[in-house]
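Reading the structure
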Amino acid sequence: MNDVILSLRNVKTRFGSRVIHDDVNLDVYKGEIIGVIGGSGSGKTVLLRTILGLNTHAGGKIEIFGKQYHKLNTKEKHKIEQRWGVLFQDGALYSSLNVMENVDVALKEYTKLSSATRNEIAMLKIFLAGLPAESAELMPSELSGGMRKRASLARALAMDPEILFLDEPTAGLDPITANAFDELLKTLQHALGFTVFLVTHDLDTLYTICDRVAVLAEKRIYAVGKLDEVVKNPYPWIQEYFNGPRGRSAKPVPCGEK
Ligand SMILES: Nc1ncnc2c1ncn2[C@@H]1O[C@H](COP(=O)(O)OP(=O)(O)OP(=O)(O)O)[C@@H](O)[C@H]1O
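Residue indices begin from 1 for each chain and proceed along its sequence in written order. Since the coordinates come from a predicted model, pLDDT governs what is reported: local features require at least 70, and pairs of side-chain atoms require 80 or more to be given and counted, while whole-chain, interface and lining totals use all residues.

Going along the chain from the N terminus, every DSSP run of H or I of four or more residues is numbered as a helix, and every run of E of two or more is numbered as a strand. To estimate the expected span of a helix, subtract one from its residue number and multiply by 1.5 Å. The terminal C-alpha atoms of helix H6 (residues 175-192), which comprises 18 residues, lie 25 Å apart, in line with the 26 Å expected from a rise of 1.5 Å per residue. Residues of H6 that are buried: Ala178, Phe181, Asp182 and Leu185. An end-on view of H6 places all buried positions within 100° of arc, on one side of the element. Across H6 from its buried face, at more than 90 degrees, point the exposed residues Ile176, His190 and Ala191. Contact between two residues is assigned whenever their backbone-derived C-beta positions fall within 7 Å. In this structure, the buried residues of H6 make contact with helix H5 (145-156), strand E7 (195-199) and helix H7 (203-209). Backbone geometry just after H6 places Gly193 at a positive phi near 80°. Burial is judged by counting the other C-beta atoms within 10 Å of a residue's own C-beta: 20 or more makes it buried, 12 or fewer makes it exposed, and any count in between marks it as partly exposed, with every C-beta position built from the backbone. Taking the helix axis as origin, the arc is that swept by the directions to the C-beta atoms.

Below, the structure is given as structure tokens:
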């Protein structure tokens, strides 16, 4: 799994004179699930939005699929957009479209498929996301929080993405629903082989599904690696995060200690 699908080099972002990222370096490998963590306001969402070209970066280089997205023309950008799927924190579903229509948006925009074929594909994604058939007709306002996340996941999967960007997918879900979402994501990732770039605060998600974790602190990626390596990093925020009361309770219990 050594193909780099996303590479960040010396990335800088700022809003006016306020620097959010000073020197971000990170490689994301094909087929991995990488969890990006960091304190509130450390710039996780800004980083994700910058990768997606929704914020401009003030310096450095971001390459996705070997290309610098922001330098491409509109047609080339559309090609890249078809290769990624995004699940924003609030789901960002179109409130005036039902679930099926939400999933269909990208299919309609990027393909020349007939509406019958698009509907079949949308239905398949709705099932893949673990929603029942009848949810296809529901409006976003009629969905529970967990269903909304699943509908957003169905929409993110519409174009069979090679990389999925998720911003706090389990935020606001009860622990059981959050766990079910993690399991679904892991199962789909194993079955479909996509890469996942996941911004999260959820320690259970990190322990359950992430292959590697990257810690955003001091305006850069302060530590990156497998979870068992990163937890040993002496940086105070990392120690507090993993070994504070919440961190300890999320830690999986080793066999024989139950
Ligand atoms: N459009 C914007 N204009 C100005 N400042 C912004 C803008 N968007 C984000 N920021 C600032 O950038 C900083 C990083 O925000 P960001 O949302 O990336 O944090 P985060 O790490 O995702 O936080 P949280 O974990 O609380 O969601 C914050 O201080 C925020 O106020």
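On to the site of the ligand, then. Taken together, Phe15, Ile20, Gly38, Ser40, Gly41, Ser42, Gly43, Lys44, Thr45 and Val46 are the residues near the ligand. With three residues, helix H1 (residues 44-51) is the single largest residue contributor to the shell around the ligand. Its residues assigned to classes, the shell around the ligand comprises three nonpolar, six polar and one charged. Defining nearness, a residue is near a molecule or strand when the C-beta atom obtained from its backbone falls within 6 Å of it. Classification convention: Asp, Glu, Lys, Arg as charged; Ala, Val, Leu, Ile, Met, Phe, Trp, Tyr, Cys, Pro as nonpolar; all other residues, Gly among them, as polar.

Bringing the sheet that holds strand E2 (residues 18-29) into the picture now. Sheet strands pair via backbone hydrogen bonds, and the direction of the pair is either parallel or antiparallel. Should DSSP find at least two bridges between two strands, the strands are taken to pair. The sheet built from three strands is open, its strands ordered E2-E1-E4 with antiparallel pairing. Of all strands in the sheet, those with a lone pairing partner are E2 and strand E4 (59-64), marking the two edges. Taking each pair of neighbouring strands and ignoring which way they run, the sheet shows an average axis angle of 15°. Where strand E1 (residues 4-15) lies against E2, eight bridges are found, and the strand directions are antiparallel. Residue pairing in the sheet places Arg14 in a bridge with Val19 of E2. Axis geometry follows a simple rule: fit a line to the C-alpha atoms, using only the stretch in contact for helices, then measure angles between N-to-C directions, giving values from 0 to 180 degrees.

Function-wise, these values are silent; they only describe arrangement.
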